[in-house]
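Here are the chains, one letter per residue:
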Amino acid sequence: MELPAGAIRVAPLESSVEGSIAFPPGVWSGERVEGLVMQFSAGQLTSYEATAGTAAVERVIVSAS
C-alpha cells in the first residue's frame, strides 16, 4: 500500500499461507528456471515443479533449510 508519507509492506502469518505461487522465468544459482509453481499448506512448502531448472530450485531450497 502506498501512502503519501511512504510505503507500508505487509505479509501474512507464515503458518497461514495456503495455495500456490507461480514464479516468472528467472535465474536461480546461475541456472535458468521456468514454469516454477510451489504449493504451500499451513505455511509449509509441500511440493514444487518446474519445466526447467528443477535442480537449481532444489539446491536453493536445501540451502535455505
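Since this is a predicted model, take the numbers as computed values, not measurements.

Q: Would you mind going over the packing of aromatic side chains in detail, with residue names and values included?
A: Note on aromatic pairs: each is described by the distance of the centres and the angle between the planes. A full pass over the atoms with the stated rule returns one aromatic pair. Relative to tryptophan 28, the ring of phenylalanine 23 lies with its centre 5.8 Å away and its plane at 80°, an arrangement referred to as edge-to-face. Given the relative accessible area of 29%, phenylalanine 23 is considered partly exposed.

Q: Account for the sheet that holds strand β6 (residues 37-41), naming residues and giving values.
A: An order of β3-β6-β7 is seen for the three strands of this open sheet, with the pairing classed as antiparallel. In this open sheet, the two edge strands, each paired with only one partner strand, are β3 (19-22) and β7 (44-49). Neighbour to neighbour, the strand axes of the sheet diverge by 25° on average, direction disregarded. Summarising the sheet, β3 and β6 pair through four bridges and their orientation is antiparallel. Of the residues in β6, the one forming a bridge with serine 20 is glutamine 39. Packing against the sheet, helix α1 (residues 54-64) makes contact with β6 and β7, and its axis sits at approximately 165° to β7.

Conventions and cut-offs
Per chain, the residues get numbers from 1 upward, laid out in the order the sequence is written. Residue-level local features of this predicted model are given only where pLDDT is at least 70; pairs of side-chain atoms are given and counted only at 80 or more, and the full residue set underlies all totals for whole chains, interfaces and linings. With hydrogens and water stripped out, all remaining heavy atoms of the structure feed into the side-chain values. Within 6.5 Å between ring centres, the rings of Phe, Tyr and Trp (the latter by its six-membered ring) count as paired, and their orientation is classed by plane angle as stacked under 30 degrees, edge-to-face over 60, tilted in between. Exposed residues in this analysis have more than 50% of their type's maximum accessible area, buried residues have under 20%, and partly exposed residues fall in between, with area computed by a 1.4 Å probe over protein chains only. For two strands to be treated as a pair, DSSP must find at least two bridges joining them. Under the scheme used here, helices are H or I runs from DSSP no shorter than 4 residues and strands are E runs no shorter than 2 residues, and both carry numbers assigned from the N terminus. Each axis is a line fitted through C-alpha atoms, taken for helices only over the stretch in contact, and angles between the N-to-C directions span 0 to 180 degrees. Every residue pair with non-hydrogen atoms within 4.5 Å of one another is taken to be in contact.

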